[in-house]
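Geometric and topological summary
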Amino acid sequence: MTRIRAAGAAAILILSMSSCAKPEEVKPADAKAYMIEHVQPAAQNYWDAVQYISDEKGAREIVPTNAEEWNRTVEAARVLKQSAEILKQPAYAANRGTDWQDFAEGLAQAAARAETAAQSHEPDTVLEAGGTLYNVCTACHEIYLPTPVRLGPDPHNSTQQ
């Protein structure tokens, strides 16, 4: 009987020690590489689908003209939606602020809206959804993009002409 009690006590001790064990640490994933390989190309495909351009050549619009082009736009939104779910994973959220999940959720919602817009085949709706995607991306980049991308000349640098 003493052996049974000792074995039971040992089992309880082992179980209690294992429950106190430190959870396995999540190795951070390379969010920048994922963005470059998956998110940016999909976003660019979506943004390129509908454009209203006014330049030295005059005003013109670019819109999908057939099912294949519309499907490419829908697929770009789906890739963004899937990417948002991937970016919510602990490996991508590791070592980032608590707002990382909020930004990823914002991307998921904007991408879902973009998908619905592309399925509607309404260029103005796609353009508006693309603007929302842009705003979500830009807000996140303000916090997490280590080196801001300069889209124009630096007004503080007098050597740029």
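Worth saying up front: this structure is predicted, and the values here are computed from it rather than measured. (Residues numbered from 1 in each chain as written. Predicted model: local features only at pLDDT ≥ 70, side-chain atom pairs only at ≥ 80, totals over all residues. Heavy atoms only, no water.)

**Thoughts on the side chain of Glu-115**
- Counting through the fold element by element, Glu-115 comes out in helix α5 (residues 99-120).
- What makes Glu-115 buried here is its relative accessible area of 8%.
- A polar contact of 2.7 Å, which involves the side chain of Glu-115, links it to the side chain of Arg-78.
- Leave out the neighbours within four places in its chain, and Glu-115 touches Val-74, Ala-77, Arg-78 and Lys-81. (Helix = DSSP H or I, 4+ residues; strand = E, 2+ residues; numbered from the N terminus. Buried < 20%, exposed > 50% of the residue type's maximum accessible area, 1.4 Å probe, protein only. Polar contact = N/O pair within 3.5 Å; in protein donor to acceptor, adjacent residues only side chain to side chain. Contact = heavy atoms within 4.5 Å.)

**A few points about the pairing of strand β1 (residues 51-55)**
- In this structure, β1 lies alongside strand β2 (residues 58-62), joined through 5 bridges in antiparallel fashion. When the bridges of β2 are listed, Ser-54 appears paired with Ala-59.
- The antiparallel pairing of β1 with β2 creates a hairpin that spans 2 residues between the two strands. (Pairing = 2+ DSSP bridges.)

**Notes on the pattern of salt bridges**
- As enumerated under the stated definition, the model contains 7 salt bridges in all.
- The residue Arg-60 makes a salt bridge to Asp-55 at a minimum N-O spacing of 3.0 Å.
- Assessed through its relative accessible area of 35%, Arg-60 is described here as partly exposed.
- A salt bridge links Arg-78 to Glu-115; the shortest N-O distance between them is 2.7 Å. Here Glu-115 lies in helix α5 and Arg-78 lies in helix α3 (residues 67-87), a separation of 37 residues in the sequence.
- Classification of Arg-78 by relative accessible area gives partly exposed; the value is 33%.
- Residues joined by salt bridges that share partners form a network here, namely Arg-78, Lys-81 and Glu-115. (Salt bridge = Lys/Arg side-chain N within 4 Å of Asp/Glu carboxyl O.)

**Quick notes on unusual backbone geometry**
- Residues other than glycine seldom take positive phi values, yet Asn-95 does so here, at roughly 65°.
- Relative to the helices and strands, Asn-95 is located in the loop between α4 (90-93) and α5.
- Under the relative-accessibility criterion, Asn-95 is labelled exposed at 72%.
- You will see that His-121, though not glycine, has its phi angle at about 60°, which is positive.

**Some words on the packing of aromatic side chains**
- Tallied over the full model, the rule gives 4 aromatic pairs.
- Ring centres of Trp-100 and Tyr-144 lie 5.0 Å apart, and the angle between their planes is 90°; on these two criteria the pair is classed as edge-to-face. Of the two residues, Trp-100 is situated in helix α5 and Tyr-144 in helix α6 (residues 123-144); the sequence distance between them amounts to 44 residues.
- Look at Trp-100 and you get buried, because its relative accessible area is 4%.
- Take Tyr-144: its relative accessible area is 22%, and that puts it in the partly exposed class.
- For the ring pair Phe-103 and Tyr-144, a centre distance of 6.1 Å and an interplane angle of 85° mean the geometry is edge-to-face. Linking Phe-103 in helix α5 with Tyr-144 in helix α6, this pair joins segments that are 41 residues apart in sequence.
- For Phe-103, a relative accessible area of 19% corresponds to the buried category.
- Feature note: the residues Trp-100, Phe-103 and Tyr-144 constitute an aromatic cluster, connected by ring pairs.
- Against the face of Trp-100 rests Arg-96, its NZ or CZ located 4.5 Å from the ring centre. (Phe/Tyr/Trp six-rings, centres within 6.5 Å; stacked < 30°, edge-to-face > 60°. Lys NZ or Arg CZ within 6 Å of the ring centre and 35° of its normal.)

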